[in-house]
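So the chains spell out like this:
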Amino acid sequence: MIENIEKLHTTPMGVERIRRNLSLGNDEKDVIAFCRQKILDIRSVITRHGKNWYVKIDDCIITVNAYSYTIITAHKA
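Because the structure is predicted, anything quoted here is derived from the model rather than measured.

## Considering the overall build of the chain
Consideration 1: When its secondary structure is counted, the chain shows 2 helices and 4 strands.
Consideration 2: The N-to-C order of helical and strand elements in the chain reads α-α-β-β-β-β.
Consideration 3: Relative to its length of 77 residues, the chain is compact, with a C-alpha radius of gyration of 11 Å against a globular reference of 11 Å.
Consideration 4: Judged by the C-alpha coordinates and their principal axes, the chain covers about 30 × 25 × 20 Å.
Consideration 5: Relative to its 77 residues, the chain shows a buried fraction of 43%.
Consideration 6: Long-range contacts, defined as pairs at least 24 residues apart, comprise 37% of the intrachain contacts of the chain with a sequence gap of at least 6.
Consideration 7: For the chain, the exposed surface amounts to about 4700 Å²; the carbon and sulfur share of it is 54%.
Consideration 8: Here the chain contributes 12 positively and 9 negatively charged side chains, and the mean placements of these two sets differ by 6 Å.

Here it is as structure tokens:
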């Protein structure tokens, strides 16, 4: 996951879903950069279950497809 962090992306619908689920509002301009920062944080716990990576940090869980590196969703823990 960390080795391929530059491949991290999401869809326009994904951006809105993440923004809504994490209550980011319009203050957070770049949702992908926000997720990348959370993933790279040394406190993050990254696990893989099947086709997805799950990143737990602070009060959120970020779900990333393990093959395409698409951020599927993020939600509060």
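Now that the structure is up, let's keep going.
## A look at unusual backbone geometry
Consideration 1: Even without glycine at this site, D58 takes up a positive phi of about 50°.
Consideration 2: Position of D58 relative to the elements: it lies in the loop between β2 (52-57) and β3 (60-65).
Consideration 3: The phi dihedral of Y69 is positive, around 60°, even though this residue is not glycine.
Consideration 4: The topology assignment puts Y69 in the loop between β3 and β4 (71-76).

About the cut-offs
- Residues numbered from 1 in each chain as written.
- Predicted model: local features only at pLDDT ≥ 70, side-chain atom pairs only at ≥ 80, totals over all residues.
- Heavy atoms only, no water.
- Helix = DSSP H or I, 4+ residues; strand = E, 2+ residues; numbered from the N terminus.
- Rg over C-alpha atoms; globule rule 2.2 N^0.38 Å.
- Buried < 20%, exposed > 50% of the residue type's maximum accessible area, 1.4 Å probe, protein only.
- Contact = heavy atoms within 4.5 Å.
- Areas by Shrake-Rupley, 256 points an atom, 1.4 Å probe, with all protein chains shown as cover.
- Lys, Arg positive; Asp, Glu negative; His and termini not counted.
- Charge placed at Lys NZ, Arg CZ, Asp CG, Glu CD.

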